[in-house]
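Observations on the three-dimensional arrangement
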Amino acid sequence: MSDGSVEIKDLVKTYVDDRGRPTFTAVKKINLLIQNGEFMVLVGPSGCGKTTTLRMVAGLEKITSGTISIGGRVVNDLEPKDRGIAMVFQNYALYPHMTIFNNMAFGLQLAKKKKDFITETVGRTSKALGLDKMLERKPQALSGGQRQRVALGRAIVRNPTVFLFDEPLSNLDAKMRVQMRSEISRLHGQLGSTMIYVTHDQVEAMTMGDRICVMRDGNIMQVADPITLYRKPENVFVAGFIGSPPMNLLKGKIEQRPEGLVFTEMGEKAGLTIPLKPPVADLASRYVGKNIIFGIRPEHITEECTATCVPVESSVDIAEPMGSESLVYLKAGTGTLISRIHGEHIYHMGQPITANINMEKVHLFDTETEKVIR
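Okay, so let's go over this structure. (Residues numbered from 1 in each chain as written. Predicted model: local features only at pLDDT ≥ 70, side-chain atom pairs only at ≥ 80, totals over all residues. Heavy atoms only, no water.)

Comments concerning the sheet that holds strand E2 (residues 22–34)
As summarised here, the arrangement of the four strands in space is E2-E1-E4-E5, forming an open sheet in which the pairing is antiparallel. Two strands lie at the open edges of the sheet, namely E2 and strand E5 (73–74), each paired on one side alone. As paired elements, strand E4 (residues 65–70) and E5 share two bridges and run antiparallel to each other. If you follow Ser 69 over to E5, its bridge partner there is Val 74. Relative to the sheet, helix H1 (residues 50–58) contacts strand E1 (6–16), E2 and E4, its axis offset from that of E1 by approximately 110 degrees. (Pairing = 2+ DSSP bridges. Helix = DSSP H or I, 4+ residues; strand = E, 2+ residues; numbered from the N terminus. Contact = heavy atoms within 4.5 Å. Axes fitted to C-alpha atoms, helices over the stretch in contact; angles between N-to-C directions.)

Structure representation (structure tokens):
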């Protein structure tokens, strides 16, 4: 198999007006190495530069500066058809007047492949994708999920070095998105090809990627495998973006009191006060009298008390039962915390509850740099 590694060096994309004056920099000197056969997900909010980056890799967007290499070959000046890539778009981009067979075969026909080769390749691929019984239909006769499978099949038959996906599931309903996530992940396992996948959905990113590149405002915030991103976010943005519901992030101050160190939430009124235990107290001792951001994930606020927990008296504001667990929004002082509590419980507004915060799972962030404190 061809080398499908992709290396992005000092990549910049700046848009200019009619007079050639810079108006907006969408991608700001990013660096990223994607290994051969890796499933890399670019994730971030709208306007973060992820799709622009993907389109520069594809050759659909002109690079302002920097280099993109595929398989060790700089491709900055190559046409998309010469880069060894295949792209799957959000809107499927199928030819409405062509049958499914012809849509899938079109790229091979342009490449002047032999008819027998095209028939065999499209037949094999359509069977793997469950499309073999509908090859004579046209796109309008298919569901959204079936059309997305056709777009996948059209990419697969070209046998590219790198697959590029631009938010391919965003037009599907929730159930179909889950099914298609599994199909694309299975496809990656079967083909072993390099895949670069753009999404704004962090659940898609967490469930599909070997590694995830989190972007914001044209910059890379962190690149890591899903578990590392979740457990060890490098900054406030990643901590708040990865996870559903997101990490509780409270702005406040570390204070030294007679009973020990405490974190006090800041606000117009006195907010939540949380006593600190090791190992968090050891980190916080360097920030006495200073502002800090206190982070704790919802699942690390529980009803059960362990040796590493500190109790916070609170009451239920809103509860969202989800079967095997509940998302409970807690009022504590004038502050609010989201807790993910396991078990089949019914909670009522105003119900008193002791929220136990696991000190081993707390993250502290510097308010100025927004970086995690190690």
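Describing the packing of helix H4 (residues 144–157) against helix H5 (residues 174–191)
Relative orientation of the contacting elements H4 and H5 amounts to 15 degrees, with a least axis distance of 11 Å. Between H4 and H5, the angle falls in the class roughly parallel. Note that H4 runs across H5; the crossing there is right-handed. Taking contact as the criterion, the partners of Gly 145, Gln 148, Arg 149, Leu 152 and Ile 156 in H4 are, on H5, Met 176, Gln 179, Met 180, Glu 183, Ile 184, Leu 187 and Leu 191. Of the residues belonging to the contact of H4 with H5, the class tally is seven nonpolar, three polar and two charged. (Parallel < 35°, antiparallel > 145°, perpendicular 65-115°, else oblique. Left-handed = near helix turned anticlockwise from the far one by under 90°. Nonpolar A, V, L, I, M, F, W, Y, C, P; charged D, E, K, R; others polar.)

Observations regarding H1
With seven of nine residues buried, H1 is to be regarded as a mostly interior element. In the segment just after H1, Gly 59 is the residue with positive phi, at about 90 degrees. (Buried < 20%, exposed > 50% of the residue type's maximum accessible area, 1.4 Å probe, protein only.)

Structural notes on the state of the cysteines
This structure, assessed with the given rule, holds zero disulfides. In this structure Cys 48 is not part of a disulfide, and its nearest cysteine sulfur, from Cys 213, lies 8.6 Å away. We classify Cys 48 as buried; its relative accessible area is 1%. (Disulfide = S-S within 2.5 Å.)

Re the environment of Ser 326
As for its placement among the helices and strands, Ser 326 is situated in strand E17 (residues 325–332). Residue Ser 326 is classed as buried on the basis of its relative accessible area of 2%. Spatially, the C-alpha atom of Ser 326 lies 8.2 Å from that of Ile 346, the residues being 20 residues apart in sequence. Apart from the residues within four sequence positions on either side, Ser 326 is in contact with Glu 320, Pro 321, Ser 339, Arg 340, Ile 341, Gly 343, His 345 and Tyr 347.

With respect to helix H3 (residues 115–128)
With 14 residues, H3 extends 20 Å from end C-alpha to end C-alpha; this agrees with the ideal 20 Å at 1.5 Å per step. Buried within H3 we find Ile 118, Thr 121, Val 122, Thr 125 and Ser 126. One face of H3 carries all of its buried residues, which in axial projection span an arc of 120 degrees. Facing away from the buried surface of H3 by more than 90 degrees, the exposed residues are Asp 116, Lys 127 and Ala 128. The inward-facing, buried residues of H3 abut helix H2 (100–110) and H4. After H3 finishes, the residue Gly 130 shows a positive phi value of roughly 70 degrees. (Expected span 1.5 Å × (residues − 1). Arc of directions from axis to C-beta.)

Considering the nonpolar core
In this structure, Met 104, Val 122, Leu 152, Phe 165, Ile 184, Tyr 197 and Val 214 are the most contacted members of the largest nonpolar core, which totals 45 residues. Counting residues per element, this core draws most heavily on H4, which supplies six residues. Not counting chain neighbours up to four residues away, the residues in contact with Ile 184 comprise Phe 39, Leu 152, Phe 165, Leu 169, Tyr 197 and Met 208. Formed by 31 residues, the second largest nonpolar core is a distinct cluster that contains Phe 263, Leu 272, Ile 296 and Ile 357. (Core = buried A, V, L, I, M, F, W, Y, C linked by side-chain atoms within 4.5 Å.)

Comments concerning the packing of H2 against H3
Closest axis-to-axis distance for the H2/H3 pair is 10 Å, and the angle between their directions is 130 degrees. Considering the angle they form, H2 stands oblique to H3. Considering only the axes of H2 and H3, their crossing is right-handed. Only Phe 117, Ile 118, Thr 119, Thr 121, Val 122, Thr 125 and Ser 126 of H3 make contact with H2, whose side of the interface consists of Phe 101, Met 104, Ala 105, Leu 108 and Gln 109. Classifying every residue of the contact of H2 with H3 gives seven nonpolar, five polar and no charged.

Thoughts on the layout of surface pockets
Here the largest pocket defines a volume of roughly 1,000 Å³. Taken together, 39 residues line the largest pocket, and the ones lying closest to its centre are Ala 86, Arg 154, Ala 155, Ile 156 and Arg 158. Counting residues per element, the ones that place at least two in the lining of the largest pocket are strand E6 (85–88), H2, H3, H4 and H5. Looking at the lining of the largest pocket element by element, the count peaks at seven residues for H4. For the lining of the largest pocket, the residue count by class is 24 nonpolar, six polar and nine charged. Space inside the second largest pocket adds up to approximately 390 Å³. Along the walls of the second largest pocket sit 18 residues, with Arg 231, Glu 360, Lys 361, Val 362 and His 363 positioned nearest its centre. Of all elements in the fold, only helix H7 (226–231), helix H9 (280–284) and strand E20 (363–366) reach the threshold of two or more residues within the lining of the second largest pocket. Here the lining of the second largest pocket gets three residues from one element, more than from any other, and that element is H7. Within the lining of the second largest pocket, the residues separate by chemical class into ten nonpolar, two polar and six charged. (1 Å grid on protein atoms, 1.4 Å probe; cavity = no way out; pocket = protein on both sides within 12 Å on 5 of 7 lines; lining within 4 Å. Points joined across faces, edges and corners; volume = space filled by probe spheres on them.)

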